[in-house]
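Listed here are the chains, written in short residue letters.
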Amino acid sequence: MLLIDTRENKVRSLRIILMALAFISLHAYAKDSHAANQMNDAAGEQRIALVIGNGDYKTAPLRNPPNDARLMARTLRGLGFDVIERIDADQKTMRRAIVEFASRLQKLGGDGVGLVFYAGHGVQSGGRNYLIPTGVQIESEPELRIEAVSAGELLEAMEGARTRLNFVFLDACRDNPYARSFRSATRGLARLDAPRGTLISYATRPGDVAADGTGGNSPYSKALATAMTTPGLPVTELFIRVRNEVIAATGEKQTPWEEGGLTSQFYFAGRAPETTHAISASQTDIAAGEVRPRAAEDQALRLALEEARNKLENRRRYEQLFAEGDASLKAFDKKTALTKYGAALELDPESPELVARMERARALVSAGDAFSDPMSDGTTGPEMVVLPAGKFQMGDVRGIADSYAQASVPVHEVTFRKPFAIGKYEITFEEFDKFSRATGRPLLPDHGWGRARRPATKIIWSDAIAYVQWLSEQTGKRYRIPTEAEWEYAARAGTRTSYWWGDQPSHEYANYGNGQPGWFPSGVVSGKDQWMNTAPVGQFPPNPFGLFDMQGNIWEWVADCWHDSYADAPADGTAHGGTECGNRVMRGGSWGYNPDFMRADARVKVFWGVLSFLYYGIRVARDIE
């Protein structure tokens, strides 16, 4: 009898625990579902948001703003906002997004709600706040008005739309990256005068600096996204919660601040549901202080609990796959991005955001891909190969320290944060002749060696620049002359030897001569090298990146100005020097030159306006969007 009582007690206890778990799980799921789907109390209220996250700055890059913007965009979409999302936006992209945002706001009328979230660099000058686009070079305060976007443009867009409520969230109070060149070095952002019905929230109080964050998101953006999805939390309490969480997370170093005033209450996730109990008294018998589920309802409860757990787990898995897909997309890993997005789509087949992400991933060119851009005349441009983001040691890495490497020191690390494309081959006569005919230029001479697939020679600097500009116009993509760092990164292809195949020159891998430096070098016929002068492109094995003739055949222009050393060379792969300089750089050696000239570290100085020579050519590069 005692054994039976003990079993009954265990069963009774198990049922009570099960019911408690069901109550907690179903209640949590109800809250999550309510936060994701319920609109504000006003029936039919429309919400529009503009979300921008800029981190890919050439000067003072930021890690988290793109992550913060993606987090906020997902959060707002789940809260019923129509979101315009822009990541690493240049000035034109930002201004066009503001125009689109203003146009949509005006269509909403007086019942709509507008919201702007910006993460990235923001600076103040003369009491005005400026949001910094990517791809700008700001040397002085007056240039802010030309290169940056005034925060006042956002307020004007909202005020002109006459929407019921407007919010502006600025996670842009980081250190001023241009402080040294500004006459005033004011920290943080200045206060903005908010129109009636508009509330402006800063990541920290005016004049202070906010943290970018050590994790995947800034402290402010993380706290804001969490608070927004809390059902029944009025916006006035939301800011109190965000402020306290950021203060705690930053050790009281950062205090979010608000300006302006709302004219009515607002709930991002709607009012809390009136009934939060997953189990009502009608579902149970209460006797002698014990809860006894009815048999049928006990089974239903177990099924409901299992369903709730599955939904919660699926949602967690969905968010994880979505985030992993975004990370792969940012890293230009096309295959992984499609795999992650595809798995997430199985969990939510009707997600328009996922469908859009997969379209972006399918259109992505990733490391190792080869492509040719279509041109306006129906033909295609040069064959290009996408090189991966990465880092390498540039310069005389073997410490040879001879006359060919005397300007290739100090050895320094260069990091490419994004992939870029470079020509699979040197530009051929066939390709350059098309440009010459289209622009009315005389054809380059071929010296009787043949045209077609032989590399175009006697290209002077000004014609090289004109060619890449023409190519950009014809394709709608940004073509350019590669920087010296890009050239060496491409030539080394992950190796640290003098040539990609080893430390000894070989006519089995390249076309070069034995001429000494001078006006009239001489070619050599030996082994696989059967050409006394230029060889048609692609006759020798490609390097590990799939590029042909990076060393030997013809000298190739690079975009840098000549410097006698790498003392102040950029570490991000950009060109060293401006567009105007007396002496430029050529790399790669030539069909008639000593093989030491075609070493990966060797560089030569060339006066840019010099007469064209038999061994001057180009290879083109292209940015990857």
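For the structure itself, consult the block above.
A.B. asks: Explain the overall build of the protein chain residue by residue, including any values.
C.D. replies: When helices and strands are counted, the protein chain shows 13 helices and 22 strands. A burial count over the protein chain gives 50% of its 625 residues as buried. When contacts within the protein chain are restricted to residue pairs at least 6 apart in sequence, long-range pairs at least 24 apart make up 72% of them. Here the protein chain displays about 28400 Å² of accessible surface, and carbon together with sulfur accounts for 51% of that area.

A.B. asks: Describe empty space enclosed by the protein, naming the residues involved and giving the relevant values.
C.D. replies: Following the criterion strictly, the structure yields four cavities of 30 Å³ or more and no others. Taken as a whole, the largest cavity holds about 80 Å³ of empty space. In terms of lining, the largest cavity is formed by 14 residues, of which the most central are M394, D560, A569, P570 and H576. At the level of secondary structure, the elements contributing two or more residues to the lining of the largest cavity comprise α13 (484-492) and β18 (555-561). Along the lines of polarity and charge, the residues of the lining of the largest cavity split into seven nonpolar, four polar and three charged.

A.B. asks: Would you mind going over the sheet that holds strand β9 (residues 257-261) in detail, with residue names and values included?
C.D. replies: Taken together, six strands build an open sheet; the order of strands is β2-β1-β3-β7-β8-β9 and the sheet is mixed. Only two strands of the sheet have a single neighbouring strand rather than two, namely β2 (81-87) and β9. The sheet shows a mean angle of 10° between the axes of neighbouring strands, direction not considered. For strand β1 (residues 47-53) and strand β3 (residues 113-119), the ladder comprises seven bridges, and the chain directions are parallel. Each residue of the ladder has a partner; that of I52, found in β3, is Y118. Those strands touched by helix α3 (residues 91-108) are β1, β2 and β3, and its axis lies near 170° from that of β1. Strands in contact with helix α6 (residues 219-228) are β3, β7 (165-171) and β8 (198-202); relative to β7, the strand with the most contacts, it is inclined by about 150°.

A.B. asks: Mind laying out the packing of α6 against helix α7 (residues 235-249), listing which residues take part and the relevant values?
C.D. replies: Their axes nearest at 9 Å, the elements α6 and α7 cross at an angle of 145°. Considering only the axes of α6 and α7, their crossing is right-handed. Counted together, P219, Y220, A223, L224, A227 and M228 of α6 and L238, R241, V242, E245, V246 and A249 of α7 form the full contact between these two elements. Looking at the contact of α6 with α7 residue by residue, the classes come out as 10 nonpolar, no polar and two charged.

A.B. asks: Please set out the state of the cysteines residue by residue, giving values where relevant.
C.D. replies: Working definition: the covalent bond between the sulfur atoms of two cysteines is a disulfide. One pass over the structure, following the stated rule, counts one disulfide. In this model C561 forms its disulfide with C581; the gap between the sulfur atoms is 2.2 Å. Its S-S torsion of approximately -90° makes the covalent link between C561 and C581 left-handed. One end of the pair, C561, is in strand β18; the other, C581, is in the loop between β18 and β19 (583-587), with 20 residues separating them in the sequence. Classification of C561 by relative accessible area gives buried; the value is 7%. C581 gets classed as buried once you look at its relative accessible area, which sits at 15%.

A.B. asks: Just give me the short version of the side chain of N553, but keep the residues and values in it.
C.D. replies: Summarising the element assignment, N553 is placed in the loop between α13 and β18. A polar contact of 3.2 Å, which involves the side chain of N553, links it to the side chain of E426. Excluding residues within four positions of it along the chain, N553 makes contact with E426, P455, N511, T534, A535, S590 and W591.

About the cut-offs
Residues numbered from 1 in each chain as written. Predicted model: local features only at pLDDT ≥ 70, side-chain atom pairs only at ≥ 80, totals over all residues. Heavy atoms only, no water. Helix = DSSP H or I, 4+ residues; strand = E, 2+ residues; numbered from the N terminus. Buried < 20%, exposed > 50% of the residue type's maximum accessible area, 1.4 Å probe, protein only. Contact = heavy atoms within 4.5 Å. Areas by Shrake-Rupley, 256 points an atom, 1.4 Å probe, with all protein chains shown as cover. 1 Å grid on protein atoms, 1.4 Å probe; cavity = no way out; pocket = protein on both sides within 12 Å on 5 of 7 lines; lining within 4 Å. Points joined across faces, edges and corners; volume = space filled by probe spheres on them. Nonpolar A, V, L, I, M, F, W, Y, C, P; charged D, E, K, R; others polar. Pairing = 2+ DSSP bridges. Axes fitted to C-alpha atoms, helices over the stretch in contact; angles between N-to-C directions. Left-handed = near helix turned anticlockwise from the far one by under 90°. Disulfide = S-S within 2.5 Å. Polar contact = N/O pair within 3.5 Å; in protein donor to acceptor, adjacent residues only side chain to side chain.

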